[in-house]
Amino acid sequence: MIGSYEKAGKIVSKVRNEASELIKDDLAIIDLVEFVENEIVKEGGGIAFPCNVSVNEITAHYTSPPNDENIIKGGDLVKLDLGAEINGYIADSAVTVLTKGDNNLTDDEIVKNEDLIETSAAALETAISVVKAGVEIGYIGREVEKTITDLGFSPIRNLAGHSLDQWDLHSGLSIPNVKDNNTEKLKEGDVLAIEPFVTDGVGYVVDTPKVNIFKFLKNRPFRLPYTRKVLSHIKKNYPYLPFSFRWLTDEFSINRLNTAIKELSDAMVIYPYHTLREKSGACVAQKEHTVVVEKEGCYITTK
Ligand code: CO
């Protein structure tokens, strides 16, 4: 089991490092997303969730729809969040890159964006330095929040890290980025994705209307044969982990998929992950590693 976590972690860090080198102005987001997903498979992993590329105030849960025309511009703050699995054991990691190239940012804005990136890294480092068996979960959040506010920024209060389990991207525990009252203690062998999000805005995310990522929840009968066909494809291929609308377009036409997915989503047979944006429209930086809790610290699988 630990071997599978390690192997997934190695794949994620290799692909993350290669992909972050590619991030530059004029790169199509869909090319970045497809590079990441293809490389994970080439390296022998399964894709644990659609590759997320969230730019500026878009904070999480954006992956390309089919024929995505969005292009990365100079000065964009690009969050790349990816996951691989081996035998269902998941590695989840994210990094933020400030895109080089022509841009309309002032020197102050460039410095601020670089500081956001550094602060997310410092907050993650703090969290990792306090994680060990027996530590209260609320304490991690307090230390993360303190690191971020000491550096003059705000954590995103309503986004948290999460524990991982086999075929389960969000198992029981939530790892907060702010002080909270959770006195539950970490146990040796817990696997956590820790991901501080840092902003100079109000520090909350809200849903946008866009949904490109879904997850199968529960079965239900449907009257329309096409909806049944889409559902059976989802159950067969993505019974546990999130999938993207884009992946389904290899099998189904976009128009008919739109109808079927809406029906499945309205019936809560699949869960819609709305793209999230910072409420005040401010830029957000994120850094994430997956760690295995040990007696005297933790082991970073995605280093
Ligand atoms: Co992640």
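Residues numbered from 1 in each chain as written. Predicted model: local features only at pLDDT ≥ 70, side-chain atom pairs only at ≥ 80, totals over all residues. Heavy atoms only, no water.

### Comments concerning the coordination of the cobalt ion
And then number 1: On the protein side, the cobalt ion has D81 (OD), D81 (OD), D92 (OD) and E288 (OE) as donor atoms, found 1.9 to 2.6 Å from it.
And then number 2: Considering all 4 donor atoms around the cobalt ion, the spread of angles at the metal, 55 to 150 degrees, places the coordination shape in the irregular class.
And then number 3: As a motif over one chain, the donors of the cobalt ion read D-x10-D-x195-E. Linking D81 in strand β3 (residues 77–86) with E288 in the loop between β13 (284–286) and β14 (289–294), this pair joins segments that are 207 residues apart in sequence. (Donors = N, O, S within 2.8 Å, 3.2 Å for Na, K, Ca; no water. Tetrahedral: all angles 85-135°; square planar, octahedral: opposite > 155°, others 65-115°. Helix = DSSP H or I, 4+ residues; strand = E, 2+ residues; numbered from the N terminus.)

### Observations concerning the domain arrangement of the chain
And then number 1: Domain annotation of the chain identifies domain 1 (2–207 + 276–300) and domain 2 (212–275).
And then number 2: Taken over C-alpha atoms, the centre of domain 1 sits 26 Å from the centre of domain 2.
And then number 3: Taken together, the contacts link 27 residues of domain 1 with 15 residues of domain 2.
And then number 4: Together domain 1 and domain 2 conceal approximately 1,600 Å² of surface at their shared face, both sides included; 67% is due to carbon and sulfur atoms.
And then number 5: If you sort the residues of domain 1 by the area they bury against domain 2, H61, P66 and W167 come out on top, with a joint share of 34%.
And then number 6: Summed over the shared surface of domain 1 and domain 2, the result is 1 salt bridge.
And then number 7: With a shortest N-O distance of 2.9 Å, R246 and E37 are connected by a salt bridge. (Domains from an automatic or database assignment. Contact = heavy atoms within 4.5 Å. Buried area = accessible area lost by both parts, 1.4 Å probe. Salt bridge = Lys/Arg side-chain N within 4 Å of Asp/Glu carboxyl O.)

### Re the packing of helix α5 (residues 225–237) against helix α7 (residues 254–266)
And then number 1: Viewed as axis vectors pointing N to C, α5 and α7 meet at an angle of 75 degrees, and their least axial separation amounts to 9 Å. The pairing of α5 with α7 is recorded here as roughly perpendicular in orientation. Together, Y226, T227, V230, L231 and I234 of α5 and R256, L257, A260, I261, E263 and L264 of α7 make up the contact between the two elements.
And then number 2: Looking at the contact of α5 with α7, its residues break down into 8 nonpolar, 1 polar and 2 charged. (Axes fitted to C-alpha atoms, helices over the stretch in contact; angles between N-to-C directions. Parallel < 35°, antiparallel > 145°, perpendicular 65-115°, else oblique. Nonpolar A, V, L, I, M, F, W, Y, C, P; charged D, E, K, R; others polar.)

### Examining the pattern of salt bridges
And then number 1: One pass over the full model with this rule turns up 10 salt bridges.
And then number 2: Here the salt bridges do not stand alone but share partners, grouping K14, E18 and E43 into one network.

### Points about the environment of R277
And then number 1: Position of R277 among the secondary structure elements: in strand β12 (residues 270–278).
And then number 2: The exposure class assigned to R277 is partly exposed, which follows from its relative accessible area of 29%.
And then number 3: Sequence spacing of R277 and S54 is 223 residues, and the spatial spacing of their C-alpha atoms is 9.0 Å.
And then number 4: In this view, R277 contacts E57, I58, T59, Y204, V205, V206 and T208; residues no more than four positions away in its chain are not counted. (Buried < 20%, exposed > 50% of the residue type's maximum accessible area, 1.4 Å probe, protein only.)

### Quick word on the pairing of strand β6 (residues 161–165)
And then number 1: The buried count for β6 comes to 4 of 5 residues, which makes it a mostly enclosed element.
And then number 2: Sheet analysis places β6 next to strand β7 (residues 168–175), joined by 4 bridges and oriented antiparallel. In the strand pairing of β7, S163 is matched with S171.
And then number 3: Taken together, the 3 bridges between β6 and strand β8 (residues 191–194) define a ladder with antiparallel strand orientation. Across the sheet, the residue bridging to H162 is A193, located in β8. (Pairing = 2+ DSSP bridges.)

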